[in-house]
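Residue-level structural notes
These are the residues of each chain, in order.
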Amino acid sequence: MTEVLIVTNWIPGRPTVLADTVQQLHDSGVRVTIVSGCDPEKISVPEGTATLHGLPAVKSLPRDDRAEYKRAVKGRKLWLRARADRKLRRLAGAADVLVALDANALHTVWQLSRRYRASDAVVGLAPALAAVARRAENPSRYARRRVVRRGPSPVVAVAAVRERADRLVDKVARRGSGRRVLGRPGGRRAWELLLDAPGLGDTRRIRWGEQITERLLAMGLPDAAGAARIAATRRLHARATKAEWLREAATAELEAGRIPVFLREAAAAELDLADKALARDDLTEATRSVSRIIPLLFNRAVHFDSLESPSAKDPAGFLAPLHRSKAGQALVAPRGRRTPAVAPPGDRPHRLLFLTRANEYFLGDIRERYDADPRFEVRRFSLLDDEEREPLSRQTGKLVRHLLAGNSEYGDQVREWFAPHIEWADTIFVDWCLGHAAMLTTVDPGSTRIIVRLHSYEAFTVFPHLIDMSRVDDLVFVSEPLREFTLDVAPRLREPGAPRTPVITNAVKLDRYRRPKADEARFNLGLVGLSAIAKDPLWAFEVLRELRRRDDRYKLVLIGKEIDGSPNATAAAYHRRFAAELEKLEGQGAVRRVGQTDDVPAALTDVGVILSTSVRESFHLGLIEGAASGAVPVVRDWPFFAGGKASARSIFPSDWIVTTPQAAADRIMAQTATDESWRKAGEAAAAHAMITWDWSVTQAEYDRLLLS
């Protein structure tokens, strides 16, 4: 007798059709059993449609409350219930025809057909009737088939072994991800190896990676969590999934006030997408990917609101994904100029244009000099003065797209804005190597000479990587360590065709700081400018505490705007520590705040020792001003540059430099031991400052820059 097993997961919309078909099969001697994922009482079948091996004609499946069942899609849910039912397996083994009555039963019937290969598997009632008819026409053929096709398909056996292995691995993984294992270096290393193992599959790799990183973060091990995430992403096949997972994780870390150790990997994954988009000429997607990595690679919290920077630790390595990518290379592709820059004119004044967008603080003395020099005709071009077109200077995404494409409406608008100024000028002096400098180099300057001055901040931003250096004649640095660092960050500056890279310090008139100091200033330490976390005033507090352990006459004077903790969680964490320490020291009468002042020379008359406690500086004008005032300089060996080709030791006399708060306290105690020794050391510092950095000395270097 022919056996038919119908599998359904729903109540048929026309139950009479099912009932009629079952009746038709029954009348022709076929035994029918219906297996349902829903309530069997709601399915109407004719009486006497048979029982099979003592089972009712309509059978329901057991419930399943396991986590796998809850996560599964609807069609797989039915199979998870069916495969656990022994009676159903007996029915399927005896069935000649397996019928999927609806779409959600397809997966279950397919799985059964792989295990019971002698049966026919069909979808729908009409195909079921046809299959029964074919079997009736040639019963011997199907009898042989049942003998030949004994047992499940080998594929099923392999899948079953793999599934059991996966469940075992999942079980071991769950038990091995506790604090006891992850708390040991060996346990964490084992997980890194497992997450990097071949054949794991993207879904499981990401699931385990997320599980382990979350637990490591909860244990206060962010670096270990980052290492595990890096291991998990090495073998991910889906590029978009990899980039999104790393990008979202990096963003979450930054929002939590932690610096992700996998920023480089996140950038590389996103840049891989950008390169693929460029290859298919999809500029929109390429621009989107590049724009996504800018807030990660050049994040303020990473480089400006932290006391360490991955770029400072490994300038070339950190940005290697950008330099290697096709997108990164397209951003800096040299487009050249129609003609080389020409020498200054001899028959008329030299037309000098100062291009700025904001912060003209460091230009004052320079502009004043050349405004008064009859050899020059000076103009000022500030992007902020044009309210209508100034928004172009804040559209970095459009600038990126223009650089990737080579032309754009944005580029046309910039050219229209800048062209008249370029045509007028013989030389354009751009202060700050930021967006306005990148905008300028989108335009062919012709024979106009382009000079760009880079201070310090810019070296940690994206803008040096958006500037066409083939259109820059001189990239001026204010110190040697900054120059060496930037050349490492942007290696193309060492290649043929790169601009000249002179070092010329900031223009400052130091004689106005030479004022008498009161005797009590000898015990006052001064810190000028502490608004940036890079100034690290907490280091100054350590120096002060070390001094006061030896002599409580020492105090600290804070001059300038104080730290802002609002930009991000990293800045907020530092600000909390700063505020707590400051409150304690003020309570002891050890700190006095002057705040923001327009008369720094007057404030410095009360300072006997000037500190530079920064983790990075370009030149540290505040320290130079303090030295010129006759205060004894104490310079921390700026950690961002310490040990490099050039550092704070390349700028200042070696006896000014210290490496620890204890060494700073030792120098201060020695130099201020007596009033005589203090004043003598201060006079020597002031003399050195005047002959090295005063505007009367450095203006000749600017003359050579502009007139040679």
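Given the structure is predicted, the values throughout are model-derived calculations rather than measurements.

1. Some thoughts on the overall build of the protein chain
Within the protein chain one finds 32 helices and 16 strands. Scaling as 2.2 N^0.38, a compact globule of 708 residues should have a C-alpha radius of gyration of about 27 Å, whereas the protein chain reaches 38 Å, well beyond that. For the protein chain, the spread of C-alpha atoms along the three principal axes comes to 120 × 65 × 40 Å. Here the protein chain holds 708 residues, and 53% of them are scored as buried. Taking all contacts inside the protein chain whose residues are at least 6 apart in sequence as the whole, residues at least 24 apart take part in 72%. Charge centroids of the protein chain, computed over 109 positive and 91 negative side chains, lie 11 Å from each other.

2. Describing the nonpolar core
Membership of the largest hydrophobic core comes to 112 residues, with the highest contact counts inside it found for Leu404, Phe418, Ile428, Leu466, Phe652 and Trp693. At eight residues, helix 14 (residues 263-279) tops the list of elements feeding residues into this core. Sequence-distant contacts of Leu404, that is, excluding residues within four places in its chain, are made with Leu278, Leu283, Ala286, Thr287, Val290, Ala327, Ala330 and Leu331. Formed by 34 residues, the second largest nonpolar core is a distinct cluster that contains Phe523, Phe541, Phe578 and Val632.

3. Some thoughts on the pairing of strand 7 (residues 376-382)
Across seven bridges, strand 6 (residues 350-356) lies against strand 7 in parallel orientation. In the sheet register, Arg351 faces strand 7, and the bridge partner there is Glu377. You can see the chain leave strand 6, run along helix 21 (residues 364-371) and come back into strand 7, and the turn it takes is right-handed.

4. Section: the sheet that holds strand 11 (residues 524-528)
Strands sit in the order 13-12-11-14-15-16 across an open sheet of six strands; the sheet is parallel. In this open sheet, the two edge strands, each paired with only one partner strand, are strand 13 (591-595) and strand 16 (657-658). As defined by bridge partners, strand 14 (residues 609-612) adjoins strand 15 (residues 632-636) across four bridges and the pair is classed as parallel. From the neighbouring strand, Ser612 faces strand 15, where its bridge partner is Val635.

5. A look at unusual backbone geometry
Backbone geometry follows two general trends: most residues other than glycine have a negative phi, and most peptide bonds adopt the trans configuration. Phi is positive for Asp281, close to 65°, though the residue is something other than glycine. Assignment of secondary structure puts Asp281 in the loop between helix 14 and helix 15 (283-297). With phi around 80°, Trp432 is a residue other than glycine that occupies positive phi space. Counting through the fold element by element, Trp432 comes out in the loop between strand 8 (427-431) and helix 24 (435-440).

6. Quick look at the pattern of salt bridges
The final tally for this structure, using the stated rule, is 53 salt bridges. Of the charged contacts in the structure, one is a salt bridge between Arg494 and Glu484, with a shortest N-O distance of 3.6 Å. In this pair, Arg494 is assigned in the loop between helix 25 (480-489) and strand 11 and Glu484 in helix 25, connecting sequence segments ten residues apart. Among the residues examined, Arg494 registers a relative accessible area of 42% and is labelled partly exposed. Between Glu546 and Arg550 there is a salt bridge, and its shortest N-O distance comes to 3.0 Å. One end of the pair is Glu546 and the other is Arg550, both in helix 26 (residues 537-550) and four residues apart, which spans about a single turn. Take Glu546: its relative accessible area is 12%, and that puts it in the buried class. Counted as one network, the salt bridges with shared partners bring together Glu480, Arg483, Glu484, Asp488, Arg494 and Lys645.

7. Brief notes about the packing of aromatic side chains
The tally for this structure, following the rule as stated, stands at 21 aromatic pairs. When the ring of Phe541 is compared with that of Phe578, the centres are 5.6 Å apart and the planes differ by 15°; the resulting orientation is stacked. One end of the pair, Phe541, is in helix 26; the other, Phe578, is in helix 27 (residues 569-587), and 37 residues separate them in sequence. For the pair Phe541 and Phe578, one class covers both residues: buried. Feature note: the residues Phe304, Tyr457, Phe460, Phe485, Phe640 and Phe641 constitute an aromatic cluster, connected by ring pairs. Taking the ring centre of Trp110 as reference, the NZ or CZ of Arg114 above it sits at 4.1 Å. In this structure, Arg229 packs its charged tip against the face of Trp245, placed 4.8 Å from the ring centre.

8. Thoughts on the packing of helix 31 (residues 675-693) against helix 32 (residues 695-707)
For the pair helix 31 and helix 32, the least separation of the axes is 5 Å and the interaxial angle reads 20°. Between helix 31 and helix 32, the angle falls in the class roughly parallel. Only Trp695, Val697 and Thr698 of helix 32 make contact with helix 31, whose side of the interface consists of Met690, Ile691, Thr692 and Trp693.

9. With respect to the confidence of the model for the protein chain
When pLDDT is averaged across the protein chain, the result is 89; 90% of the residues are at 70 or more. Confidence drops under pLDDT 50 across residues 48-56; counting only partners more than four residues distant or on other chains, this segment forms 19 contacts.

10. A word on the sheet that holds strand 9 (residues 449-454)
Read from one edge to the other, the open sheet built from five strands follows the order 7-6-8-9-10, with strand pairing classed as parallel. Every interior strand has two partners, whereas the edge strands, strand 7 and strand 10 (474-477), have only one. Each adjacent strand pair in this sheet contributes to an overall mean axis angle of 20°, direction not counted. As judged from the four bridges shared by strand 6 and strand 8, these two strands associate in the parallel manner. Paired with Leu353 across the two strands is Ile428, which belongs to strand 8. Contacts between helix 23 (residues 409-424) and the sheet are confined to strand 6, strand 7 and strand 8, with strand 7 contributing the most and set at about 170° to the helix. Against the sheet, helix 32 makes contact with strand 6, strand 7, strand 8, strand 9 and strand 10, and its axis sits at roughly 145° relative to strand 9, the strand it touches most.

Cut-offs applied
- Along each chain, numbering runs from 1 in the same order as the chain's sequence is written.
- It should be noted that, the model being predicted, local features are given only for residues of pLDDT at least 70 and side-chain atom pairs only at 80 or more, the latter also being counted only at that level, while totals for whole chains, interfaces and linings use all residues.
- The side-chain values count all of the structure's non-hydrogen atoms but skip hydrogen atoms and water molecules.
- Numbering of helices and strands runs from the N terminus; a helix is a DSSP stretch of H or I covering at least four residues, while a strand is a stretch of E covering at least two.
- When we talk radius of gyration, it's over C-alpha atoms, and the globule rule is simply 2.2 Å times the number of residues to the 0.38.
- With a 1.4 Å probe rolled over the protein chains alone, any residue whose accessible area is under 20% of its type maximum counts as buried; one over 50% counts as exposed, and the rest are partly exposed.
- Any two residues whose heavy atoms approach within 4.5 Å at even a single point are treated as in contact.
- Charged residues are defined narrowly, with Lys and Arg counted positive, Asp and Glu counted negative, and His plus the chain ends left uncounted.
- For this purpose, a charge sits on NZ of Lys, CZ of Arg, CG of Asp or CD of Glu.
- The term nonpolar core refers to a set of buried residues drawn from Ala, Val, Leu, Ile, Met, Phe, Trp, Tyr and Cys, joined through side-chain atoms within 4.5 Å.
- Two strands pair if DSSP finds at least two bridges between them.
- For the handedness criterion, the strands are oriented away from the viewer, and a crossover whose path from the first strand over the helix to the second runs clockwise is classed as right-handed.
- Each reported salt bridge corresponds to a side-chain nitrogen of Lys or Arg within 4 Å of a carboxyl oxygen of Asp or Glu.
- Any two rings among Phe, Tyr and Trp, with Trp reduced to its six-membered ring, count as a pair given centres within 6.5 Å; such a pair is stacked if its planes are under 30 degrees apart, edge-to-face if over 60, and tilted if neither.
- Whether a charge sits over a ring comes down to the Lys NZ or Arg CZ being within 6 Å of the ring centre and within 35 degrees of the ring normal.
- As a rule, the C-alpha atoms of each element are fitted with a line to give its axis, helices using only the stretch in contact, and angles between N-to-C directions run from 0 to 180 degrees.
- Oblique is the label for any angle not covered by the other classes, which are roughly parallel (under 35 degrees), roughly antiparallel (over 145) and roughly perpendicular (65 to 115).
- The quantity called pLDDT is the predictor's confidence in a given residue, expressed from 0 to 100.

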